[in-house]
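The chain contents come next:
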Amino acid sequence: MRLVVRAAEVTGARRLVDIVGAHVDSCLYHGEASIDFVERLARGGTRVSVPTTLNVGAVDLLHPELVHDDPERKERGRWLMDRYRALGARPTYTCAPYQLDVARPAPGEQVAWGESNAIAFCNSVLGARTNRYGDFLDVAAAVTGRVPLAGLHTTEARRATLVLRLGSDVPAELRDADELFPVLGLLLGRRAGSAVAAVDGLPPGQSEDRLKAVAAAAASSGAVALFHVVGSTPEAPTLDAALGGGGPDAVENVTLADLRAERDALAHASSDRLAGVSLGTPHASLAEMARVADLLGGRRVHPDVQLVVSTSRGILEAAEERGIAGRLRDAGAEILVDTCSYLVPVVRRLDGAVMTDSAKWAWYAPGNVGATSVLASTRDCVESAVAGRIVRDERPWGGV
Amino acid sequence: MTRSDQPTALVLDEPLSLWGGIDPASGRIIDAQHPQRGAGVAGRVLVMRGARGSSSSASVLAEAARLGSAPAAIVLSEPDLILAIGSAVAEELYGVTIPVVVLDGDAFATIHDGQPLDPGALGAAASAHPSVPDAG
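What comes next concerns the included structure.

The rules we used
- Residues numbered from 1 in each chain as written.
- Chains lettered and ligands numbered in written order.
- Predicted model: local features only at pLDDT ≥ 70, side-chain atom pairs only at ≥ 80, totals over all residues.
- Contact = placed C-beta atoms within 7 Å.
- Helix = DSSP H or I, 4+ residues; strand = E, 2+ residues; numbered from the N terminus.
- Nonpolar A, V, L, I, M, F, W, Y, C, P; charged D, E, K, R; others polar.
- Axes fitted to C-alpha atoms, helices over the stretch in contact; angles between N-to-C directions.
- Left-handed = near helix turned anticlockwise from the far one by under 90°.
- Parallel < 35°, antiparallel > 145°, perpendicular 65-115°, else oblique.
- Core = buried A, V, L, I, M, F, W, Y, C linked by C-beta atoms within 7 Å.
- Buried ≥ 20, exposed ≤ 12 C-beta atoms within 10 Å, placed from the backbone.
- Pairing = 2+ DSSP bridges.

## Some words on the interface of chain B and chain A
The extent of an interface is frequently quoted as the accessible surface area lost upon association of the parts.
Phase 1 of the analysis: Contact residues are listed per partner, giving 35 residues for chain B and 45 residues for chain A.
Phase 2 of the analysis: For the side of chain B that touches chain A, the secondary structure elements donating two or more residues are α1 (57-67) and α2 (81-94) of chain B.
Phase 3 of the analysis: Broken down by element, the side of chain B that touches chain A gets its largest block of residues, eight residues, from α2(B).
Phase 4 of the analysis: The residue makeup of the side of chain B that touches chain A, split by class, is 18 nonpolar, 11 polar and six charged.

Encoded structure:
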């Protein structure tokens, strides 16, 4: 409770509000501080008081052999995951709880979520309300069932103050291509910082998977907790609605060159040498798993390349039932659950680039696991995994 | 007036996510996207206009405090709940005080890299000029 009160002081809230659920990121081991905190918290038999899902941990509990970490660190990581489950949280172990029916709050519902991509998705795509709850406060909120009534829990703070308008030189093909969305997210995060931006100029009805890519990227390059995409996200049926009836502080144009610059910053490869391909960050949805299997189309991954698809144990179960997981494994893919390949050592070789369709993976993997990352479309990632070298189709970006 | 035993400012050109941004064992910046990659934050006053990135930054701050590689203080130009809570937990678990101070734009802009700063005095300045909490 002391942490929740401290949070109220920081946010200037005068009262607390009840929450209907929580998503807790504190179960990922970052060192003994993670353990020391939960030991202190759990003194006296503390348990969560609202339905709570758990974020990824440091171990794949179902396929522990896929993580090549120090055994003691793996054991501590496993212990922490178990400890959070013992607080009464659901052992979902995913950064994409919003793909599970048990963790989809309704529009307007108050929740406390951790995990930067999940926070941005929860606010922007589900229309539920959370602030950026970091480790420790996420579980404190789950235990107390309350958070300070401030920031994005209030209607006023949810209106866009920045408009990002796609310029006329952004080709129609790119506006509706999967690979635009992580790049757009990078740009959005960099320009918005912690502000709420509205993106105008995309075809309406964009899929949750595409919006997930925006959320994950924007929450990496910025401190974005909420964005609106006009015609696609629930609080932005129109630009006026996204602006909440007011005027924006700024309207900025987004050119093809701006987008290419964001992509190029994360797509640099000194040669076409390829060691691995990592897909599923944030965790792959069932549709994304099926798409990868379809793109492989019965072909096998090149023997010199490791293809890792990260997903949740919940989605894996559905993928097993539908034969999708089998098709991926038959092609030579590894399916990782409960953790992610940029958190812990999963990629075995680092003597070539690792391609990814995730801006978040490309952003963090170099620092975290020493990989040289190359951001590309899902199709290019799969084609490269089969070819055994980096192949890229520049046409959607106005190249040849 | 400054004293040679005061921590010095490390003014970042861009915000930094502490998780994925620093190695808590060494205190070095590891974020490959960050222009100041390789710089050490341990014992410095980390000055950045806002936060960025991961909600695990609270854990990394607490872990850095445990390992003695945390910044002496953090100065922002807008409030950040994740860093504030990481600081509170570092104090609670390890008795390590890492003031997280929000300065308004003018006061923030006067800090230059390498400048010796008294974290306690920064806190007093911030409370004398309270800033309006932002959206999150």
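There's more to say after this.
## A look at the packing of helix α7 (residues 180-192) of chain A against helix α8 (residues 208-221) of chain A
All names here are of chain A.
Phase 1 of the analysis: Where α7 contacts α8, the two axes come as close as 7 Å, and the packing angle between them is 35°. Along this stretch, α7 crosses α8, giving a crossing that reads as right-handed. Packed against α7, whose contacting residues are Phe181, Pro182, Leu184, Gly185, Leu186, Leu188, Gly189 and Arg190, the element α8 presents Arg210, Ala213, Val214, Ala215, Ala216, Ala217, Ala218, Ala219, Ser220 and Ser221 at the interface.
Phase 2 of the analysis: Residue composition of the contact of α7 with α8, by class: 12 nonpolar, four polar and two charged.

## A word on the packing of helix α1 (residues 2-11) of chain A against α2(B)
Phase 1 of the analysis: Their axes nearest at 10 Å, the elements α1(A) and α2(B) cross at an angle of 135°. Between α1(A) and α2(B), the angle falls in the class oblique. For the pair α1(A) and α2(B), the sense of crossing is right-handed. Residues A:Leu3, A:Arg6, A:Ala7, A:Val10 and A:Thr11 of α1(A) pack against B:Leu81, B:Ala84, B:Ile85 and B:Ala88 of α2(B).
Phase 2 of the analysis: Considering only residue class, the contact of α1(A) with α2(B) consists of seven nonpolar, one polar and one charged.

## As for the nonpolar core
Phase 1 of the analysis: In terms of nonpolar packing, the biggest core is built from 184 residues, with A:Leu188, A:Phe227, B:Leu61 and B:Ile85 touching the most fellow members.
Phase 2 of the analysis: Leaving out residues up to four positions away in the same chain, B:Ile85 has contacts with A:Leu3, A:Arg6, A:Ala7, A:Gly134, A:Phe136, A:Leu137 and B:Ala58.

## What to know about the pairing of strand β13 (residues 353-356) of chain A
All names here are of chain A.
Phase 1 of the analysis: Every second residue of β13 is oriented toward a common face, with Ala353 and Met355 on one face and Val354 and Thr356 on the other, all of them buried.
Phase 2 of the analysis: Alignment of strand β10 (residues 274-284) against β13, held across four bridges, turns out to be parallel. The partner of Leu274 across the bridge, within β13, is Ala353.
Phase 3 of the analysis: The pairing of β13 with strand β14 (residues 373-375) spans three bridges and is classified as parallel.

## Examining the sheet that holds strand β2 (residues 22-24) of chain A
Residue and element names in this part refer to chain A.
Phase 1 of the analysis: With parallel pairing, the three strands of this open sheet are ordered in space as β3-β2-β4. The open sheet has two edge strands, β3 (52-54) and β4 (112-113), and neither has a second partner.
Phase 2 of the analysis: Bridge analysis of β2 against β4 gives two bridges, and the strand direction is parallel. Bridge assignment links Ala22 to a residue of β4, and that residue is Ala112.
Phase 3 of the analysis: Of the strands in this sheet, β2, β3 and β4 touch helix α5 (residues 137-144), which is tilted by about 145° from β2.

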